[in-house]
Amino acid sequence: MNIVAVTACPTGIAHTYMAAEKLEKTAKALGHHIKVETQGAMGIENELTAADIKAADAVLFAVDIEVEKNERFAGKKVVNVPVQLAIRDPKGVLAKLL
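Residues numbered from 1 in each chain as written. Predicted model: local features only at pLDDT ≥ 70, side-chain atom pairs only at ≥ 80, totals over all residues. Heavy atoms only, no water.

A.B. asks: Explain the overall build of the protein here, please?
C.D. replies: The number of helices and strands found in the protein is 4 helices and 5 strands. Counting from the amino terminus, the protein carries its helices and strands in the arrangement β-α-β-β-α-β-β-α-α. For the protein, whose C-alpha radius of gyration is 12 Å, the value lies close to the compact-globule estimate of 13 Å for 98 residues. If one aligns the C-alpha atoms of the protein with their principal axes, the spans along those axes are about 30 × 30 × 20 Å. (Helix = DSSP H or I, 4+ residues; strand = E, 2+ residues; numbered from the N terminus. Rg over C-alpha atoms; globule rule 2.2 N^0.38 Å.)

A.B. asks: Teacher, can you tell me more about the side chain of Glu37 here?
C.D. replies: Here Glu37 shows up in strand β2 (residues 33-40). Residue class for Glu37 comes out buried when judged on its relative accessible area of 0%. Within the structure, Glu37 has its side chain in polar contact with the backbone nitrogen of Leu48 (distance 2.7 Å). (Buried < 20%, exposed > 50% of the residue type's maximum accessible area, 1.4 Å probe, protein only. Polar contact = N/O pair within 3.5 Å; in protein donor to acceptor, adjacent residues only side chain to side chain.)

A.B. asks: Help me understand the nonpolar core, please; the structure alone is not making it clear to me.
C.D. replies: The tendency in soluble globular proteins is for nonpolar side chains to be buried side by side. Grouped together as the largest cluster of nonpolar side chains are 20 residues, with contacts concentrated most on Leu23, Ile34, Leu60, Val81, Leu94 and Leu97. At the level of elements, β1 (2-8), α1 (15-29), β2, β4 (58-63), β5 (78-81), α3 (83-88) and α4 (90-95) are the ones that each hand at least two residues to this core. Here this core gets 4 residues from one element, more than from any other, and that element is α1. In this structure, Val6, Ala56, Val59 and Val63 belong to the second largest nonpolar core, which totals 11 residues. (Core = buried A, V, L, I, M, F, W, Y, C linked by side-chain atoms within 4.5 Å.)

A.B. asks: Just checking my understanding: could you explain the sheet that holds β4 for this structure?
C.D. replies: To summarise the sheet geometry, strands pair through backbone hydrogen bonds and adopt either a parallel or an antiparallel arrangement. Ordered in space as β3-β2-β1-β4-β5, the 5 strands form an open sheet in which the pairing is mixed. Of all the strands in the sheet, the pair left with one neighbour each is β3 (43-45) and β5. For this sheet, the mean inter-axis angle between neighbouring strands, taken without regard to orientation, is 20 degrees. As paired elements, β1 and β4 share 6 bridges and run parallel to each other. From the neighbouring strand, Val4 faces β4, where its bridge partner is Val59. Running at roughly 180 degrees to β2, α1 makes contact with β1, β2, β3 and β4 of the sheet. (Pairing = 2+ DSSP bridges. Axes fitted to C-alpha atoms, helices over the stretch in contact; angles between N-to-C directions. Contact = heavy atoms within 4.5 Å.)

A.B. asks: Where do I start with the pattern of salt bridges in this structure?
C.D. replies: Should their charged atoms come close, side chains of opposite charge can pair. For the coordinates displayed, the defined rule picks out 5 salt bridges. One salt bridge in this structure joins Asp52 and Lys35, with 2.7 Å as the shortest N-O distance. Here Lys35 lies in strand β2 and Asp52 lies in helix α2 (residues 50-55), a separation of 17 residues in the sequence. The salt bridge partner of Arg72 is Glu47, with a shortest N-O separation of 3.8 Å. Taken together, the residues Arg72 in the loop between β4 and β5 and Glu47 in the loop between β3 and α2 connect sequence positions 25 residues apart. (Salt bridge = Lys/Arg side-chain N within 4 Å of Asp/Glu carboxyl O.)

Below, the structure written as structure tokens:
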């Protein structure tokens, strides 16, 4: 499965990046391809392109704040979860995309 994800927390310092790392490691272990955009204190990093989003089978927002530039995902089914859930149970979160 080709997945794109956005992670973001209110402070954008630790949890944003912890969730991204957990999702990337777990997706890889499960045989999925994932690209994760982080929206943290440094702004948008590893920004998803229009091609990334178009090619995605699933879109995941692991966020506790509103996603910046969320109009890019119009027409895509988006699964929203709290960022803490992505940290604690990345396998369960990815299962929601199936």
